Amino acid sequence: MLKVAKFGGSSVAGPEQFQKVKAIIEADPSRRVVVSSAAGKRDAADHKLTDLLYLCHAHLTYGVPCDDIMETILRRFVEIKEALGLRYDVEGELRAFMARMNKDMPVDELVSRGEYFTSRLLAEYLGFTFVDAASCVFFGLDGQVDREKTDQAILAALKANGSILIPGFYGRLPTGRIKVMSRGGSDISGALAAAAVGADVYENWTDVSGILMADPRIVKDPAPISRITYAELRELAFMGASVLHEDSIQPVKERGIALNIRNTNRPEDPGTMIVESIEADSSSERFITGIAGRRNFTILTLRKRNLNANQTLGRALEVLDRYKTPVEHITLGLDSFALVLSTATLGDGIYDAVADLRSACRPDDVDVQDGIALVAAVGRKMTSRPGISGRLFRALGENGVNIRTIAQGADELSIIVGVENEQFETAIRVMYDGFAG
Ligand code: ASP
């Protein structure tokens, strides 16, 4: 058994968190590859080191001194070092780095130091070999991760050292320069490491006990999801549930590695297990896996008698393509169709787009309705249960939620309703109360 454990920023925010990480690692000897983020927030008023480093870069660019910020960062590291009695000379190393800082220093190099120094300290504390991501995560000239080279380097490092710790979020370009991933990228580094070593499980340790069935800011104490498929997660994430970096799924999914989201502050909780497929669902499991949604969509309705759907819809999509606006959903009627679009994506282009639609499609009438929220109930078990949508719509109706549009994902993994923005939260609560139990 081999596990890759990635710890997020809040899991390595200070000395107490380091202690929790150590207890987790020591509790299971199969956790032999660790990937670490940069120290994050210790409380709501605190700052993530990565944010501070980006701030420093902005200061450097405009010629404003950033010594205070760097001292704050240094203090965070020294505090961890001293509280845990570590030897690594973080002060000397970081000061040497600071002496090299100038306005031409590449931003990626600067911001990657959050992960670098946090990982140096954590590696020593855990007794793991530190393996710099610059020597085992490689990008090609196209900016994409060179999977083959990365796989080989990480696997070789593990074989040579037995237990390794890799900083997340960055890697090296063929030019030798450091490149960071997009924000939250340590999730991707963890997934790359899990894929490289052929882990049995990729554990993603964070500060929640797994993915929740609904947004806790809307639903009080939503239940955690114990098991979910990659496909369901994709639907939920697309509909606004923020869980993992979306690029962290593919590397593990394609190698059949399960992904387990766990809580560093409550290691006894099993968290959420994300897997390719779940065969024998026990009937006690809920038939809705999760509920998510987003506000601010526009519905564009085109009416045309004797609509030649293939032709007219095709032309309408071509127009929207010119405005670089992806269509989220389409509903087709006998003499009309409606397209759901993100309001912000089309922006002020809506007026020109409607004019273009009129000339391309020659409709009898075009209607624009904005202020629409989409709410999705996602669940692999919905397919096998007749009458789910009927119950869902009735519950919404009984609670005064006016449904403006309905869509079902083609693979029947989700039922999506469009409601007015103002009814967004009510719709989520009604769905949760009626179907999550
Ligand atoms: N430290 C980086 C960030 O804050 C990467 C990560 O934490 O995953 O985005």
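Quick note: structure is the one above.
Conventions used here
Residues numbered from 1 in each chain as written. Predicted model: local features only at pLDDT ≥ 70, side-chain atom pairs only at ≥ 80, totals over all residues. Heavy atoms only, no water. Phe/Tyr/Trp six-rings, centres within 6.5 Å; stacked < 30°, edge-to-face > 60°. Helix = DSSP H or I, 4+ residues; strand = E, 2+ residues; numbered from the N terminus. Buried < 20%, exposed > 50% of the residue type's maximum accessible area, 1.4 Å probe, protein only. Near = heavy atom within 4 Å. Polar contact = N/O pair within 3.5 Å; in protein donor to acceptor, adjacent residues only side chain to side chain. Areas by Shrake-Rupley, 256 points an atom, 1.4 Å probe, with all protein chains shown as cover. Nonpolar A, V, L, I, M, F, W, Y, C, P; charged D, E, K, R; others polar. Pairing = 2+ DSSP bridges. Axes fitted to C-alpha atoms, helices over the stretch in contact; angles between N-to-C directions. Contact = heavy atoms within 4.5 Å. Parallel < 35°, antiparallel > 145°, perpendicular 65-115°, else oblique. Left-handed = near helix turned anticlockwise from the far one by under 90°.

A. Just the packing of aromatic side chains, in detail. Here the structure, examined in full by the defined rule, presents 5 aromatic pairs. Summarising the aromatic geometry, the rings of Tyr 116 and Phe 130 are spaced 5.4 Å apart at their centres and angled 85° between planes, so their arrangement reads as edge-to-face. Highlighted residues: Tyr 116 in helix 6 (residues 113–126) and Phe 130 in strand 3 (residues 129–130), separated in sequence by 14 residues. For the pair shown, Tyr 116 and Phe 130 are each scored as buried.

B. Region of interest: the site of the ligand. The local shell around the ligand consists of Ser 37, Thr 50, Glu 115, Phe 169, Arg 183, Gly 184, Gly 185 and Ser 186. The separation between an oxygen atom of the ligand and a polar side-chain atom of Arg 183 is 2.7 Å. Ser 186 is positioned with one of its backbone polar atoms (N or O) 2.9 Å from an oxygen atom of the ligand. Here the ligand loses 91% of its free accessible area of 260 Å² to cover by the protein chains. For the shell around the ligand, a count of residues per class yields 1 nonpolar, 5 polar and 2 charged.

C. How the structure looks around the sheet that holds strand 14 (residues 365–378). Pairing within the open sheet is antiparallel, and its 6 strands lie in the order 12-13-11-14-16-15. Of all strands in the sheet, those with a lone pairing partner are strand 12 (327–332) and strand 15 (403–408), marking the two edges. On average, adjacent strands in this sheet sit at an angle of 30° to one another, irrespective of strand direction. Pairing geometry for strand 15 and strand 16 (residues 414–420), over 5 bridges, is antiparallel. Paired with Ile 406 across the strands is Val 417, a residue of strand 16. Sheet contacts for helix 11 (residues 309–322): strand 11 (290–303), strand 12 and strand 13 (336–342); angle to strand 13, the most-contacted strand, approximately 20°.

D. How the structure looks around the sheet that holds strand 1 (residues 3–7). The sheet built from 8 strands is open, its strands ordered 3-4-2-1-7-9-10-8 with mixed pairing. A strand with exactly one partner marks an edge of an open sheet, and here the two such strands are strand 3 and strand 8 (227–229). Pairing of strand 7 (residues 201–206) with strand 9 (residues 258–263), which is carried by 6 bridges, proceeds in the parallel orientation. Across the sheet, Val 201 pairs through a bridge with Ala 258, a residue of strand 9. Helix 9 (residues 230–238) contacts strand 8, strand 9 and strand 10 (272–275) of the sheet and is inclined by roughly 85° relative to strand 8.

E. Local environment of the packing of helix 4 (residues 90–100) against helix 6. Axis separation between helix 4 and helix 6 bottoms out at 11 Å; the angle between their running directions is 160°. Judged on the interaxial angle alone, helix 6 and helix 4 are roughly antiparallel. The two elements helix 4 and helix 6 meet at a crossing, and its hand is right-handed. In contact with Val 90, Glu 93, Leu 94 and Phe 97 of helix 4, helix 6 contributes Arg 113, Phe 117 and Leu 121. Residue composition of the contact of helix 4 with helix 6, grouped by class: 5 nonpolar, no polar and 2 charged.

F. Inspection of the pairing of strand 10 at higher detail. Across 3 bridges, the pairing between strand 8 and strand 10 is parallel. Bridge pairing links Thr 229 to Val 275 in strand 10. Strand direction decides the pairing type here: strand 9 and strand 10, joined by 3 bridges, are antiparallel. Counterpart to Ile 261 in the pairing with strand 10 is Thr 272.

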